[in-house]
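Observations on chain architecture
Listed below, chain by chain, are the residues.
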Amino acid sequence: MKKLTAIAATLITASVLSTSAFASDDDNASDRFQSARGGVEALTVTLENLGATVDKSVNLNGAYTYSQKEAVYNAKHADLQAQFDELRAHSAE
């Protein structure tokens, strides 16, 4: 059941990311920020379901615009993705 939940959360994450990647130019910054935030939340849940200890904190100090906030969440997502990749590599051994 845990694996099924993890797979579902991973698919949701991929869906969120692919949706933002194909977004049109008229998408506003708020939508992109919400998408980035959702991606981080989904990946956090996936990692927790796999038994990983996850640092959920996102420091938005100094990020005043939606674009700046989006960049912070994208950086956090990259960190979490690296943690996910490492966890998968260890479980495959």
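Keep in mind that this is a model prediction, so the values were computed, not measured. (Residues numbered from 1 in each chain as written. Predicted model: local features only at pLDDT ≥ 70, side-chain atom pairs only at ≥ 80, totals over all residues. Heavy atoms only, no water.)

Listed in full, the ten residues of the largest apolar core are Phe33, Ala36, Val40, Leu43, Leu47, Ala52, Val54, Tyr73, Leu80 and Phe84. When residues of this core are traced back to their parent elements, those giving at least two are α2 (29–49) and α3 (66–92). (Core = buried A, V, L, I, M, F, W, Y, C linked by side-chain atoms within 4.5 Å. Buried < 20%, exposed > 50% of the residue type's maximum accessible area, 1.4 Å probe, protein only. Helix = DSSP H or I, 4+ residues; strand = E, 2+ residues; numbered from the N terminus.)

The predicted structure's coordinates, where accompanied by low pLDDT, should not be read in detail. Mean pLDDT over the chain stands at 83; residues scoring 70 or higher make up 71%. Ranking the helices and strands of the chain by mean pLDDT puts α2 first, with 94, and helix α1 (residues 2–21) last, with 61. (pLDDT = per-residue confidence, 0-100.)

Turning our attention to α2. Across its 21 residues, α2 extends 30 Å between first and last C-alpha, which sits within 8% of the 30 Å expected from 1.5 Å per residue. The complete set of buried residues in α2 reads Phe33, Ser35, Ala36, Gly39, Val40, Ala42, Leu43, Thr44, Thr46 and Leu47. Looking at where α2 begins, the residue whose side-chain oxygen comes 3.2 Å from the main-chain nitrogen of Ser30 is Asn28. Immediately beyond the C-terminal end of α2, within one or two residues, lies Gly51, with a positive phi of roughly 90 degrees. (Expected span 1.5 Å × (residues − 1). Polar contact = N/O pair within 3.5 Å; in protein donor to acceptor, adjacent residues only side chain to side chain.)

Take the pattern of salt bridges next. What the rule picks out here adds up to four salt bridges. In this structure, the salt-bridge partner of Arg37 is Glu41, at a minimum N-O distance of 3.7 Å. Of this pair, Arg37 and Glu41 are both found in helix α2, four residues apart, which corresponds to roughly one turn of the helix. Note on Arg37: relative accessible area 30%, which makes it partly exposed. Note that Asp55 and Lys76 form a salt bridge whose closest N and O atoms lie 3.8 Å from each other. Highlighted residues: Asp55 in the loop between α2 and α3 and Lys76 in helix α3, separated in sequence by 21 residues. Using a relative accessible area of 46% as the deciding quantity, one classes Asp55 as partly exposed. For Lys76, a relative accessible area of 12% translates into the label buried. (Salt bridge = Lys/Arg side-chain N within 4 Å of Asp/Glu carboxyl O.)

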